[in-house]
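# Results of the structural survey
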Amino acid sequence: MKKEKPSVGLEKMTRRGFFSRVAVGIAVLTCPSYVFSEAELYVDKSFMSPENDKRRNRDLTDLIILHTSEGNFNGIYDVKEKGSAHYFIDDRGGVHQVIDDDKVAHHAGTSMWEGRTKLNDSSIGIEMQGSHKKDITAEQYRSLRNLLSKLKRKYGIKDERILTHSMVSYGEPNRWHPKPHRYRKCAMLLASPKSRKKMGLGEGPGYDPDVRAGRLVVAEPGLEKVLYGSKSPKEPEQILSPTDEIKVNTRREDKEIESLRRYLIRTKMFKDYEIGRLEGDKRTPYSHAGKNWKSPSTYYMIGKRLHKASEIDPRKLPLGTIVLYKAK
Ligand SMILES: [Zn+2]
């Protein structure tokens, strides 16, 4: 997140227009079919940071973190001056390198992912010209997709390790939040499945590993939904992970429910939910959830997969299905 510089220099804007045209020109020259593909990704190096020479190399690169600049093109001068990203992609799709790929850029601030902090030491930062509350342009998506594809291959980074600043940044305890906490940061919209698809990426991490593990709390209601959608938990197989301490010596079915119940309590997911199973004389969703049997808040776990009531036909569920419904 960068503060916008107050002055808008005409000369600077013209210069940027020039680079966009050069990029298009090169792509057209080298690509007779006029199709932009990864091979034609043009990276402008005229905004390299004066900090670049002072920065050391990273030992590890296994994350890519996306940012939004919260301003217009002039934001690039701030990024350049501070060396606060590896790349800046302007709203016409121009890709500008600011810090060399292998060197440390100061973009992630106070950050944590899977318990690891100081993420500048293990990540590439890409700044998108734009705002956290507005989608980036089609040209930006196209350039970002090409750049990500190149970086993913270069460093062997998996899709679920391409994150947004909002996902990884956190705040230390303060007057309002007594615990280390996640809070709103830039590039929130880029976490959505729709955005990820436009970037050529598969599914994201699906949940916040640090919140789930209790290392952080979520300071802002609704933030998780923006970042991870309403589908979490995405990995229901974890519900029955072998690390769950199950000492209840009963039938397997009861163990499952007991384990699930503990899991839900531990992760604070599905707060105020009841759990039931389609069996015996309670074989219908209605017999458990009552009038909530097809409510959007009700979930059905078939095998180890969790489905929203709206995604399936709750009238055709196999026996043994687990029903998660809001307590009345
Ligand atoms: Zn940011």
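Predicted, not measured: the structure shown is a model, and the values here were computed from it. Counting restarts for each chain, with residues numbered from 1 along the sequence as it is written. Under the rules for a predicted model, residues below a pLDDT of 70 receive no local features and side-chain atom pairs below 80 are neither given nor counted, while totals for whole chains, interfaces and linings still include all residues.

Moving on, we get to the overall build of the chain. Counting its secondary structure elements, the chain contains nine helices and 14 strands. Working definition of burial: number of other C-beta atoms within 10 Å of the residue's own, with buried at 20 or more, exposed at 12 or fewer, and partly exposed in between, all C-beta atoms being placed from the backbone. Here the chain holds 328 residues, and 32% of them are scored as buried. Contacts in the chain between residues far apart in sequence, at least 24 positions, make up 68% of those at least 6 positions apart. The way it works is that DSSP assigns letters per residue, a run of H or I at least four long becomes a helix, a run of E at least two long becomes a strand, and they are numbered from the N terminus. Whether two residues are in contact depends on their C-beta atoms, placed from the backbone: they are in contact if these lie within 7 Å.

Attention shifts here to the environment of F88. Relative to the assigned elements, F88 resides in strand β3 (residues 87–89). F88 has contacts with F47, I76, V79, H96, V98, E127 and Q129, leaving out every residue within four places of it along the chain.

What pLDDT reports is the predictor's confidence in each residue, on a scale of 0 through 100. Predicted confidence across the chain gives a mean pLDDT of 80, with 77% of residues reaching 70 or more. Every residue in residues 21–36 scores below 50 in pLDDT, and together they form eleven contacts with partners more than four places removed in sequence or on other chains. Within the model, pLDDT remains below 50 along residues 231–251, and this stretch shows 29 contacts once partners closer than five positions in the same chain are excluded.

This next bit is on helix α3 (residues 138–155). An α-helical turn contains 3.6 residues, so a residue and the one three or four places further along point in the same direction. An ideal rise of 1.5 Å per residue puts 26 Å on 18 residues; α3 measures up with 26 Å between its terminal C-alpha atoms. For α3, the full list of buried residues reads Q140, Y141, S143, L144, N146, L147 and L148. Looking at the buried residues of α3, the elements they touch are β2 (63–68), β3, β4 (95–97), β7 (123–128), β8 (162–164) and α5 (193–198). Backbone geometry just after α3 places G156 at a positive phi near 65°. Given the number of residues in a helix, its expected span is that number minus one, multiplied by 1.5 Å.

Before going further, it helps to spend a moment on helix α2 (residues 75–82). Within the span of α2, buried status applies to G75, I76, V79 and K80. Taken around the axis of α2, the buried residues stretch over an arc of 140°, which confines them to a single face. Our arc is simply the arc of the directions from the helix axis toward the C-beta atoms.

Moving on to the environment of T61. Considering the arrangement of structural elements, one finds T61 in the loop between β1 (43–44) and β2. According to the C-beta neighbour criterion, T61 is partly exposed, with 19 such atoms within 10 Å. Sequence-wise, T61 and N120 are 59 residues apart; in three dimensions their C-alpha atoms are separated by 9.3 Å. In contact with T61, not counting residues within four places along its chain, are S122, S123, I124 and Y155.

So, on to the sheet that holds strand β14 (residues 322–326). A pair of strands is labelled paired if DSSP reports no fewer than 2 bridges between them. Reading across the sheet, the four strands line up as β11-β14-β12-β13 and stay open at both edges, with antiparallel pairing between neighbours. Two strands close off the open sheet at either side, each with one partner strand: β11 (273–277) and β13 (305–308). When strand polarity is set aside, the average angle formed by the axes of neighbouring strands in this sheet is 25°. Two elements, strand β12 (residues 299–302) and β14, share three bridges in a ladder whose sense is antiparallel. Looking at β14, one finds that M301 is bridged to I322. Every axis corresponds to a line fitted to the C-alpha atoms, with the helix fit spanning only the stretch in contact, and the corresponding angles, defined between N-to-C directions, vary from 0 to 180 degrees.

So, on to the nonpolar core. A set of buried residues qualifies as a nonpolar core if it consists of Ala, Val, Leu, Ile, Met, Phe, Trp, Tyr and Cys joined through C-beta atoms within 7 Å. Ranked by size, the top nonpolar core spans 46 residues in total, and within it I65, Y87, I126 and V168 carry the most contacts. L260, A289, V323 and Y325 belong to the second largest nonpolar core, which has twelve residues in total.

Moving on to the pairing of β7. The buried count for β7 comes to six of six residues, which makes it a mostly enclosed element. Inspection of the sheet shows β2 paired to β7 by six bridges, in the parallel sense. Within β7, the residue paired with H67 across the bridge is E127. Pairing of β3 with β7, which is carried by three bridges, proceeds in the parallel orientation. What sits directly across from I89, in β7, is M128.

Bringing unusual backbone geometry into the picture now. Non-glycine residue E114 carries a positive phi angle of around 55°. Positionally, E114 belongs in the loop between β5 (112–113) and β6 (116–117). Residue class for E114 comes out partly exposed when judged on the 13 C-beta atoms lying within 10 Å of it.

Moving on to the sheet that holds β1. Here we have six strands laid out as an open sheet, ordered β1-β4-β3-β7-β2-β8, and mixed in their pairing. Lying at the two open borders of the sheet, with one neighbouring strand each, are β1 and β8. In the packing of α3 onto the sheet, the strands contacted are β2, β3, β4, β7 and β8, and the crossing angle to β3 comes to about 155°.

Its location among the elements puts G171 in the loop between α4 (165–168) and β9 (181–182). Residues G171 and V217, spaced 46 residues apart in sequence, show a C-alpha to C-alpha distance of 9.9 Å. Leave out the neighbours within four places in its chain, and G171 touches T110, H177, P180, H181, Y183 and A219.

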